[in-house]
Amino acid sequence: MSNRHRLAILGASGHGKVVADIALHAGWRDLVFYDDAWPERTRHEHWEIKGTLPMLLNDLPNFEGVVVAIGHNAIREAKLDALLTQGARIVSLVHPRATVSPMARLGPGCVVMAGAIINAFAELGMGTIVNSAATVDHDCRLGACVHVAPGANVAGDVEIGRTSWIGAGAVVRQGVAIGEAVMVGAGAAVVSDIDGNQVVAGVPARPLASAQDDDDTPPSGSNVLRFDLISPQGRS
Ligand SMILES: CC(C)(COP(=O)(O)OP(=O)(O)OC[C@H]1O[C@@H](n2cnc3c(N)ncnc32)[C@H](O)[C@@H]1OP(=O)(O)O)[C@@H](O)C(=O)NCCC(=O)NCCS
């Protein structure tokens, strides 16, 4: 059987539903979910859940592409690393009503949602999510598995470390550097550099608590930015 237009989605979550919707808009035809909740769960809305990650690793030749739809940044990074090690063809998905500059660079496994804008010479590491109506402006450098939540605005020339999360509606001032595994609260205004592994919130953003013991603390190693140029349709 041909694997043409068949996409495997790891992560049968709410985020997975949005990823599936974008995949259909982007021209993928046959979607199959994998999730470690299998066999307790075998359906995700009207899609089949076919097995767990180890089963997906065996099934890779059956798919033209694979995407990881897990919202937790560090877990998404670990699953992407496992899939890439096994030679999976990780693809990025860009909603047709997102605007991605042809001069921007997206790593594999990025998801860009409806209404998002990624401007010229921005660089997004693998597995980064730019959520609905969020913007990432010129010359930004986002590490692996960053998440820019709905409606957040990242101004030009901002650096964001891997697995950091910019909360819904937050604003980041141009030229600011944010470390790894930072959680920026919803509605915050980040106006100066933020060290890694902390939660910040408010206007201007100030530390709320240490994120050292948080679940989202990234695993050691694999802090490389990976880039593949993709077309605006999201196929690498
Ligand atoms: C910042 C955040 C991570 C803190 O979560 P938390 O550690 O569970 O914090 P709590 O809800 O216990 O709140 C702790 C304190 O911080 C305050 N606070 C929480 N979030 C805040 C925010 N975004 N801005 C300002 N203050 C905030 C609370 O009012 C509380 O203050 P208090 O101690 O005076 O009562 C979370 O509130 C947040 O903003 N998450 C982003 C959500 C988001 O963007 N989702 C998008 C999904 S795609």
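Residues numbered from 1 in each chain as written. Predicted model: local features only at pLDDT ≥ 70, side-chain atom pairs only at ≥ 80, totals over all residues.

**What to know about the overall build of the chain**
Consideration 1: A count of helices and strands for the chain gives three helices and 24 strands.
Consideration 2: Out of the 236 residues in the chain, the part that is buried amounts to 46%.
Consideration 3: Summarising the internal contacts of the chain: among those between residues at least 6 apart in sequence, 34% fall at separations of at least 24. (Helix = DSSP H or I, 4+ residues; strand = E, 2+ residues; numbered from the N terminus. Buried ≥ 20, exposed ≤ 12 C-beta atoms within 10 Å, placed from the backbone. Contact = placed C-beta atoms within 7 Å.)

**A word on the site of the ligand**
Consideration 1: As a matter of local geometry, the ligand sits amid 14 residues, with G167, A168, G185, A186 and A201 nearest to it.
Consideration 2: Along the lines of polarity and charge, the residues of the shell around the ligand split into nine nonpolar, five polar and no charged. (Near = placed C-beta within 6 Å. Nonpolar A, V, L, I, M, F, W, Y, C, P; charged D, E, K, R; others polar.)

**Considering the pairing of strand β2 (residues 30–34)**
Consideration 1: Bridging between strand β1 (residues 6–10) and β2 involves five bridges; their strand directions are parallel. When the bridges of β2 are listed, R6 appears paired with D30.
Consideration 2: Chirality of the crossover, the property in question, places the unit of β1, helix α1 (residues 14–25) and β2 among those that are right-handed. (Pairing = 2+ DSSP bridges. Right-handed = clockwise from strand over helix to strand, strands pointing away.)

**As for the sheet that holds strand β16 (residues 153–154)**
Consideration 1: Read across the open sheet, the six strands follow the order β7-β10-β13-β16-β19-β22; overall the sheet is parallel. Two strands bound the open sheet, and with one partner strand each, they are β7 (99–100) and β22 (189–190).
Consideration 2: As paired elements, strand β13 (residues 135–136) and β16 share two bridges and run parallel to each other. Pairing of T135 across the sheet is with N153, part of β16.

**A few points about the sheet that holds strand β20 (residues 177–178)**
Consideration 1: Judged by pairing direction, the sheet is parallel, and its five strands sit side by side in the order β8-β11-β14-β17-β20 without closing on themselves. Looking at strand neighbours, the two that pair on one side only are β8 (105–106) and β20, the edges of this open sheet.
Consideration 2: Pairing of β8 with strand β11 (residues 123–124), which is carried by two bridges, proceeds in the parallel orientation. By the bridge assignment, R105 is partnered in β11 with E123.

**Notes on helix α3 (residues 73–85)**
Consideration 1: In this model α3 runs 18 Å from its N-terminal to its C-terminal C-alpha over 13 residues, within 8% of the 18 Å that 1.5 Å per residue would give.
Consideration 2: Regarding α3, the residues found buried are N73, R76, E77, K79, L80 and L83. The buried side chains of α3 occupy one side of the element, clustering within an arc of 170° when seen end-on.
Consideration 3: Against β1, α2 (53–59), β5 (65–68), β15 (147–148) and β18 (165–166) lie the buried residues of α3.
Consideration 4: Note on α3: the residue one or two positions beyond its end, G87, has a positive phi of about 80°. (Expected span 1.5 Å × (residues − 1). Arc of directions from axis to C-beta.)

**Considerations on the environment of D137**
Consideration 1: As for its position among the elements, D137 is in the loop between β13 and β14 (141–142).
Consideration 2: Once the C-alpha coordinates of D137 and A122 are considered, the two residues, 15 residues apart in sequence, prove to be 6.6 Å apart.
Consideration 3: With residues up to four places along the chain from it excluded, the contact list for D137 reads N119, A122, V154, A155 and G156.

**As for the nonpolar core**
Consideration 1: With 72 residues, the main nonpolar core has I9, V19, V67, V112 and V184 as its most contacted residues.
Consideration 2: A total of five residues in this core trace back to one element, the largest contributor, which is α1.
Consideration 3: Counting contributing residues, this core receives three or more from each of domain 1 (6–91) and domain 2 (93–223).
Consideration 4: When sequence neighbours within four positions are dropped, the list of residues in contact with V67 reads L7, I9, V19, I90, V91, L93 and G109. (Core = buried A, V, L, I, M, F, W, Y, C linked by C-beta atoms within 7 Å. Domains from an automatic or database assignment.)

**Topic: the environment of I166**
Consideration 1: Position of I166 relative to the elements: it lies in strand β18.
Consideration 2: Note: C-alpha distance between I166 and A186 (20 residues apart in sequence) is 7.6 Å.
Consideration 3: Apart from residues no more than four positions distant in its own chain, I166 is found in contact with V148, A149, A152, V154, V172 and V184.

**Notes on α1**
Consideration 1: Counted at 1.5 Å a residue, the expected span for α1 with its 12 residues is 16 Å, and the 17 Å between its end C-alpha atoms agrees.
Consideration 2: Among all positions in α1, only H15, G16, V18, V19, A20, I22 and A23 are buried.
Consideration 3: G27, located one to two residues past α1, shows a positive phi value of around 105°.

**With respect to unusual backbone geometry**
Consideration 1: Here the amide bond leading from W38 into P39 is cis, since omega sits at 10°, within 30 degrees of zero.
Consideration 2: Relative to the elements of secondary structure, P39 occurs in the loop between β2 and β3 (43–44).
Consideration 3: Positioned with a positive phi, T163 is a non-glycine residue whose angle comes to about 60°.
Consideration 4: Note that T163 resides in the loop between β17 (159–160) and β18.
Consideration 5: Taking the number of C-beta atoms within 10 Å as the measure of exposure, T163 has 30 and is therefore buried.
Consideration 6: Within the chain, N197 stands out as a residue other than glycine whose phi angle is a positive 60°.
Consideration 7: Within the secondary structure, N197 sits in the loop between β22 and β23 (198–201).
Consideration 8: Look at N197 and you get buried, because 21 C-beta atoms sit within 10 Å.

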